[in-house]
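As a plain string of letters, each chain reads:
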Amino acid sequence: MKTIPLGLSGSTFWSTFLVAVLLNVVPTESAVNGKTQCCRCDNMRPTYVPGNVEPQSAPSPFKIIVNRDINAYTANISVPVTLTSIDGQTFRSFMLVAHKLHEKHGSFKALGRFELVGNTDYDIKQDCNHQEKSFSGFAAVSHTRKQVRSLRFNWIPATNYGHIEFRASFVQNDTRFWVREKSRILYDSALGIPRQKNIYTPPINTDECGKTKGCFREPKGCIEPQCYYILTWQDSTHGIAFELGGLTGGDTDSYVAAALSDDTYVGDDTVFICAHIDEYDSTEVYFGKHNDEYETSKIDKYISALIKGRKDRIKPLYNNYLLKEQGSFRDKRLQCRFTVSTHLKSLSSKLKNLGGWHPHIIMSHGLASDGEPRPMGVGYDEFPHASDDEVRLDKNRDYSGLASYPLVKAHGCLMIIAWVLFSSVGFLLAKYYQPMWPEKRVYDRKYWFAGHFKAMTMVFILVVIAVILIFIEADGYTYARDLPYRAHPILGIIIFVCVLILPFIALLRPGKGHDCRNVFNWLYWIFATIANVLAIPNIFIGMNFGKAAVPWWATWILVFWVIFHIIVEITLEIHQCVTHKKNKEKRKKHELLKRDYPKQHHPVPEPAGRRFKRFMLLLHFAVTILITLIMVIIIAVS
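Model, not experiment: these values are computed from the prediction. (Residues numbered from 1 in each chain as written. Predicted model: local features only at pLDDT ≥ 70, side-chain atom pairs only at ≥ 80, totals over all residues. Heavy atoms only, no water.)

Side note on the confidence of the model for the chain
Basically, it comes down to this: Confidence of the predictor at the level of single residues is given by pLDDT, which spans 0 to 100. By definition in these notes, contact holds between two residues if any of their heavy atoms fall within 4.5 Å.
Residue-level pLDDT values for the chain average 77, and 79% of them are 70 or greater. With pLDDT under 50 throughout, residues 292-317 is counted as low confidence; its partners more than four residues away or in other chains account for 68 contacts.

The following block contains the structure:
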């Protein structure tokens, strides 16, 4: 499809459209002799490009093909290179350059020289400077004379430059061109060829799970293209043959890892990493040992030395402990097949032998940086998921099911009960129901105060227990790397401190009529408000933690409750404003009666609108109880 500049009139649009069709379909002389030609050396973009016209973003119909029998070059030995159309389209102008792998455009130097193979009826011109001034020939080639479908060249290097790639720009017509299309990598024979490339591997066969090989896959019974994670193992002659796959969620550098652990917690584990390095188009396997924090920036030297220290991606076979490997990256799915010796302890005392070990499998995935996994997050999609059961690497069994963390779930359930149920009811009673039931008492306390006191006492008890449980689970204070997770423990500490302070304010508050009573009331209100305002957002953050394993849709149940609670408060505020005048008159009459007849008992009048307020309290309590039960069940069983 033609790229049409915006802002054209109707006649101009249709005339441009017709010209575009002719340019694409008929290789006319006007198309050949158009102004747009190829190309500038600094960025390989065409010259004399009409305004507002940008390079095509759609896949190019023209490709650079390097002889498939040649993976590495040697000085002064020619390498066949072909520019060709994959669907019969033609191009009128081009530019072809060889330069060092990953060298930035604008600063690259053309390497080697090109010789034309046949088709001598057009000109080739030298368009860029050589890196080697004394090396005769064309370092960059282009032509402008006629439409062609295919051109063949021999590229001849003067010396070994390191790994290189070919880049080409193609001009089809004045408004249709592709810039800096790249070839596959051509390796320097002096440096060696990396062992593993990103090649197609067939899907992992899950039909044999539990029969001829052991498997751990999630979700249960999935087939490989739909598995969130999958790891298979099978005895081989010299070790254990593994298949590792998973959905990465990324289009570039990504990884899937499987750690073998004595428990369901990350740390002190033997880990296998299937990593894709986009810039090398390579998918490789690494293994080593994670530290207690599971931060890959501190990953064991057996991984870091090979990932960071070998820029050319040439790595040994771990002294024959990694016996074979193969990997591919397609449609955001990583897949590796590799065989590992069972005697890893002889490679490093930090590693465990695989024979006779019954570990938990901890799976993780994510983005990588130059093949090195980035530090893991704590969200559900980032957190490493452990198998619920120990697996037998010497048995062909089919495992599934993820481990749960009961202390985390207990912490979440207690916080839901504390803040959604007891705190919300306690504050409604204190804010809107003090005038209700004026003559009724429970242990010489008004109904609203008795309800508020019991509710806040439960909040105190539940929050203290919940904080103790999570500190036991996390073995102290835990620092989360990213927001909003990093805010969760900080907000939790602030809320906990406020909850601890409230009982002391209530106990030290002086009696009615004391000058300082209002000061204590304000302090109580400030700390209670801070705790309540922070608690619900903190619960939302906590529900997204991977250890909680709360499904995403459960968040919307809590959102519904928050909206419902706000509506109840707004309704009670409006009702309080509407009935304010009537209640003021009732209080005034009551004061007059007390003044005129001081020796008689005059009951405090019931407030106006009390039936509606009772209904709203009952409705709020019923809905809140229901939401609390649903949330507790979801958190407990998910």
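Here's the deal with the sheet that holds strand E17 (residues 322-330)
Short version of the rule: Two strands are said to pair when DSSP picks up at least two bridges between them. Helix and strand labels come from DSSP, where a helix needs a run of H or I of at least four residues and a strand needs a run of E of at least two; each type is numbered from the N terminus.
Across the sheet, which stays open at both edges, the six strands sit in the order E17-E18-E13-E12-E11-E22 with mixed pairing between neighbours. Of all strands in the sheet, those bounded by a partner on one side alone are E17 and strand E22 (398-399). In the sheet, strand E11 (residues 214-218) pairs with strand E12 (residues 229-235) via five bridges, with the strands oriented antiparallel. When the sheet's bridge partners are listed, glycine 214 is paired in E12 with tryptophan 233.

Comments concerning the packing of aromatic side chains
Let me state the cut-off plainly: For Phe, Tyr and Trp, where Trp contributes only its six-membered ring, two rings pair if their centres lie within 6.5 Å, and the inter-plane angle classes them as stacked under 30 degrees, edge-to-face over 60, or tilted in between. Burial here depends on accessible area, computed with a 1.4 Å probe over protein chains only, as a share of the maximum for the residue type. Under 20% is buried, over 50% is exposed, and the range in between is partly exposed. Either the NZ atom of lysine or the CZ atom of arginine qualifies as a charge over a ring when it sits within 6 Å of the ring centre and within 35 degrees of the ring normal.
According to the stated counting rule, one finds 25 aromatic pairs in the structure shown. Pairing phenylalanine 114 with phenylalanine 166 gives two aromatic rings, centres 6.2 Å apart and planes at 55 degrees, and the pair type is tilted. Taken together, the residues phenylalanine 114 in strand E5 (residues 113-116) and phenylalanine 166 in strand E8 (residues 164-173) connect sequence positions 52 residues apart. Each of the two residues, phenylalanine 114 as well as phenylalanine 166, counts as buried. Ring centres 6.3 Å apart and planes at 15 degrees place the aromatic pair phenylalanine 449 and phenylalanine 453 in the stacked group. Here phenylalanine 449 pairs with phenylalanine 453, and both are found in helix H5 (residues 447-474), just four residues apart, close to one helical turn. The structure contains a cluster of three or more aromatic residues connected by ring pairs, namely Phe62, Tyr73, Phe91, Phe94, Phe114, Phe153, Trp155, Tyr161, Phe166, Phe170 and Trp178. In this structure, lysine 547 packs its charged tip against the face of tyrosine 405, placed 5.2 Å from the ring centre. Sitting over the ring of tyrosine 433, lysine 613 keeps its end group 5.1 Å from the ring centre.

Focus: the packing of helix H4 (residues 406-432) against H5
Condition: Only the stretch in contact is used when a helix axis is fitted, and all axes are lines through C-alpha atoms; the angle between N-to-C directions ranges over 0 to 180 degrees. Roughly parallel means an angle under 35 degrees; roughly antiparallel means over 145; roughly perpendicular covers 65 to 115; every other angle is labelled oblique. Crossings are sorted by hand: turned counterclockwise from the far helix by less than a right angle, the near helix makes the crossing left-handed, and turned clockwise it makes it right-handed. Gly falls in the polar group here, along with every residue not listed as nonpolar (Ala, Val, Leu, Ile, Met, Phe, Trp, Tyr, Cys, Pro) or charged (Asp, Glu, Lys, Arg).
Where H4 meets H5, the closest approach of the two axes is 8 Å, and the angle between their N-to-C directions is 160 degrees. The angle between H4 and H5 places the two elements in the roughly antiparallel class. Crossing hand, H4 versus H5: left-handed. By residue class, the composition of the contact of H4 with H5 is 25 nonpolar, five polar and one charged.

Focus: the sheet that holds strand E3 (residues 79-85)
Adjacent strands of a sheet form backbone hydrogen bonds with each other and so pair up, either parallel or antiparallel. Read from one edge of the open sheet, four strands run E1-E3-E7-E5, paired in antiparallel fashion. Pairing within the sheet leaves two strands with one partner each, and these edge strands are strand E1 (62-66) and E5. Recorded for the sheet is a direction-independent mean angle of 30 degrees between the axes of neighbouring strands. In this structure, E5 lies alongside strand E7 (residues 150-156), joined through four bridges in antiparallel fashion. For glutamate 115, the partnering residue across the bridge sits in E7 and is asparagine 154.

Thoughts on the pattern of salt bridges
Heads up, the rule is: When a carboxyl oxygen of Asp or Glu is within 4 Å of a side-chain nitrogen of Lys or Arg, the pair counts as a salt bridge.
In the structure shown here, the tally under the stated rule is 11 salt bridges. A salt bridge links glutamate 54 to arginine 45, with the shortest nitrogen-to-oxygen separation between them at 3.4 Å. The exposure class assigned to glutamate 54 is partly exposed, which follows from its relative accessible area of 48%. The closest approach of N and O atoms between arginine 113 and glutamate 115, which form a salt bridge, is 2.6 Å. Judged by its relative accessible area of 34%, glutamate 115 falls in the partly exposed class. Look at the salt bridges and you will find they share partners, linking Lys213, Glu243 and Arg337 into a network.

Things to note about the packing of helix H6 (residues 487-508) against helix H7 (residues 517-543)
Look at H6 against H7: their axes get within 8 Å of each other, and the N-to-C directions meet at 150 degrees. It follows that H6 is roughly antiparallel to H7 by the angle criterion. Note on packing geometry: the crossing formed by H6 with H7 is left-handed. Contacts between H6 and H7 involve Ala487, His488, Leu491, Gly492, Ile494, Ile495, Cys498, Ile501, Leu502, Ile505, Ala506 and Leu508 from the first element and Phe520, Leu523, Tyr524, Phe527, Ala528, Ile530, Ala531, Leu534, Ala535, Asn538, Ile541 and Gly542 from the second.

Some details on the side chain of lysine 213
Relative to the elements of secondary structure, lysine 213 occurs in the loop between strand E10 (187-188) and E11. The exposure class assigned to lysine 213 is buried, which follows from its relative accessible area of 7%. If near-sequence neighbours (up to four positions away) are discounted, lysine 213 is found in contact with Ile204, Asn205, Glu208, Thr232, Trp233, Gln234, Glu243, Asn396 and Arg397.

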